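# Working through the structure, step by step
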Amino acid sequence: MIKAYAAMEPGAALVPFEYEPGPLANNEVELKVESCGICHSDLSMLDNEWGFTQYPFVGGHEVIGIVEAVGSSVNNVAVGQRVGLGWHSGYCNTCASCQAGDQNLCSSAQPTIAGHHGGFADKVRADANAVVALPEGVNPDSAGPLFCGGITVFNPLVQFGIKPTSKVGVIGIGGLGHIALQFLNAWGCEVTAFTSSESKKEEALKLGAHHVLNSSDAAQLEAAAGRFDFIISTVNVKLDWNEYLATLAPKGRLHFVGATLAPLDINVFQLIGSQREISGSPVGSPGTISQMLDFAALHNIQPVTEYFRFDQINEALTKLREGKAHYRIVLTNK
């Protein structure tokens, strides 16, 4: 039996829950969970904000664990190896996206916490090709958030060919944005943090921003007109996106990784006149996750984390819900 923490209905407190996982499939691995980050997506799923949560709901998709068992056809990881598991726990492996190495775009990909029990547990299962080995130099205690928050902000750097000479802005210095600042600085970019919180200015500079722009000051936004090659939005709230479009250089891109649910109100002339672009992306493929981990090890990039025991899971979720996390929360079985 796998021992977990589950919610029985939307928004409910998590309670101890056990389930029988059945025989291990040929292509699966079973991980002994060492730690698991809590992502805002876990809250969205807990509350059924996106409309497809199944209950009992076992969240947790930023898992660090030790491989305890492998299926008969598994040859990419071995028992005793430390690996991570993120948003996806499996892929179809046959569609055009999977064949091209873009498994994260597979329309049949299995989310770790939707129709599948996640890592808020002592053990979790996944397809072997969905887990990624932790390289030397990555701190396993804080690595969990890299498997969702980290790869979410790293993936666009690869997908859109961001150059070391690019001028990049980051909207929102929180769970995603604080990791983005570190990656972009190490990538070689000139980095600007957009934040409405004056209290985050000094920390943003320490995390890698070269400049901090007060996003609630219209004059500062106007003064930044035409400056940025790329802006990544990590927030999940509605903003005046036309103000940010105006700060893009010709052929600049406004890119969304934060799941704002409100429709985008865009002045199309902002796009046409300067050939600007708007885009979005999910987490990355296993190959890109591996690349991110190597990059993080090389540049000593770590999420800023707070730690709770698994039996404090409801306390940890409340802290995240109240917006008091600084910046990521990790549950630990150690």
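Residues numbered from 1 in each chain as written. Predicted model: local features only at pLDDT ≥ 70, side-chain atom pairs only at ≥ 80, totals over all residues. Heavy atoms only, no water.

### As for the pairing of strand S12 (residues 211-214)
When strand S11 (residues 190-195) meets S12, the two strands line up parallel, connected through four bridges. Bridged to Ala-193 within S12 is Val-212. Considered for its hand, the β-α-β crossover made up of S11, helix H5 (residues 201-207) and S12 is right-handed. (Pairing = 2+ DSSP bridges. Helix = DSSP H or I, 4+ residues; strand = E, 2+ residues; numbered from the N terminus. Right-handed = clockwise from strand over helix to strand, strands pointing away.)

### Some words on the UniProt feature "domain: Enoyl reductase (ER)" (unreviewed entry) in the protein chain
Mapped onto this numbering, the UniProt entry gives "domain: Enoyl reductase (ER)" (unreviewed entry) at residues 11-331. Secondary structure across residues 11-331 comprises 25% helix and 26% strand; the distance between its end C-alpha atoms is 19 Å. (UniProt positions renumbered as here; feature names shortened; annotations may be inferred.)

### Side note on the layout of surface pockets
Roughly 1,300 Å³ of volume is contained in the largest pocket. Along the wall of the largest pocket there are 49 residues; nearest its centre are His-40, Leu-176, Thr-234, Val-235 and Asn-236. Among the secondary structure elements, those contributing two or more residues to the lining of the largest pocket are helix H1 (40-46), S11 and helix H7 (241-245). Per-element tally for the lining of the largest pocket: the top contributor is H1, with three residues. Taken together, the residues of the lining of the largest pocket sort by class into 22 nonpolar, 21 polar and six charged. In this structure, the second largest pocket spans a volume of roughly 200 Å³. Taken together, Phe-160, Gly-161, Ile-162, Lys-163, Ser-166, Asp-229, Phe-230, Pro-250, Lys-251, Gly-252, Arg-253 and Glu-277 make up the lining of the second largest pocket. It is strand S14 (residues 248-256) that provides the largest number of residues to the lining of the second largest pocket, a total of four residues. (1 Å grid on protein atoms, 1.4 Å probe; cavity = no way out; pocket = protein on both sides within 12 Å on 5 of 7 lines; lining within 4 Å. Points joined across faces, edges and corners; volume = space filled by probe spheres on them. Nonpolar A, V, L, I, M, F, W, Y, C, P; charged D, E, K, R; others polar.)

### Some remarks on the side chain of Ser-142
Among the structural elements, Ser-142 can be located in the loop between strand S9 (131-133) and helix H3 (149-159). Looking at Ser-142, the relative accessible area reads 2%, which means it is buried. Ser-142 has contacts with Gln-302, Pro-303, Thr-305 and Tyr-307, leaving out every residue within four places of it along the chain. (Buried < 20%, exposed > 50% of the residue type's maximum accessible area, 1.4 Å probe, protein only. Contact = heavy atoms within 4.5 Å.)

### Some points on the sheet that holds strand S13 (residues 228-233)
With parallel pairing, six strands are arranged side by side in an open sheet as S12-S11-S10-S13-S14-S15. Strands at the two margins of the open sheet, each flanked by one partner only, are S12 and strand S15 (277-280). Geometrically, the sheet is characterised by an average inter-axis angle of 20° between neighbouring strands, direction not taken into account. In this sheet, S15 lies alongside S14 in parallel orientation, the contact comprising four bridges. Bridge assignment links Arg-253 to a residue of S15, and that residue is Glu-277. Contacts from helix H4 (residues 177-187) reach strand S10 (167-171) and S11 within the one sheet, and its direction differs from that of S10 by about 170°. (Axes fitted to C-alpha atoms, helices over the stretch in contact; angles between N-to-C directions.)

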